[in-house]
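Chain residues, written in single-letter form:
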Amino acid sequence: MIDAGWYFFAGCGLLTFILLKRTYRRLGRRKKNDSQPIERVHRPTSPWDGAQRDAMAQVERQKVELYDMSRDLNAELSSKIIILEQLVGESQQKIERLEELLAEVREIEKSEV
């Protein structure tokens, strides 16, 4: 008669065969479904595409846009402030020059009288 150990090894072998075959079928199906044609792959049409459903992505994107905008505005303001300071300096020099000329004109008028 057949020993109980042989039944045990035969059962383990059969179980291993069934599990391997089942796993192979699942992997085979997954590979076939993963290769979608390129027409079925979603392509973004705008920078916000795909973010409408995700509130955190919208908030983060708006934070980035606001940071970029503030950086640009800071740069513009800084350049305008520098130009304004230069113009104020030039106008101060011209004021001083006009005061000197006015003083010279007054001296000339006093000497003529």
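For clarity, every value in this text was computed on a predicted model and none was experimentally measured. (Residues numbered from 1 in each chain as written. Predicted model: local features only at pLDDT ≥ 70, side-chain atom pairs only at ≥ 80, totals over all residues. Heavy atoms only, no water.)

Asks: Please explain the overall build of the chain as it appears in this structure.
Replies: For the chain, the helix and strand inventory stands at two helices and zero strands. Split into buried and exposed, the 113 residues of the chain put 1% on the buried side. (Helix = DSSP H or I, 4+ residues; strand = E, 2+ residues; numbered from the N terminus. Buried < 20%, exposed > 50% of the residue type's maximum accessible area, 1.4 Å probe, protein only.)

Asks: Sorry if this is basic, but what is going on with the packing of aromatic side chains here?
Replies: Each aromatic ring pair is specified by the distance between its two centres and by the angle formed by the two planes. A complete count under the given rule lists one aromatic pair for this structure. Between F8 and F9, the aromatic rings sit 5.8 Å apart at their centres with planes inclined by 65°, giving edge-to-face as the arrangement. Both residues of the pair, F8 and F9, belong to the exposed class. (Phe/Tyr/Trp six-rings, centres within 6.5 Å; stacked < 30°, edge-to-face > 60°.)

Asks: Can you help me understand the pattern of salt bridges in this one?
Replies: Side-chain pairing between opposite charges can occur once the charged atoms of the two side chains come close. This structure, assessed with the given rule, holds three salt bridges. The residue E60 makes a salt bridge to K63 at a minimum N-O spacing of 3.5 Å. Here the residue E60 and the residue K63 both occupy positions in helix 2 (residues 55-112), the gap between them amounting to three residues, near one helical turn. (Salt bridge = Lys/Arg side-chain N within 4 Å of Asp/Glu carboxyl O.)

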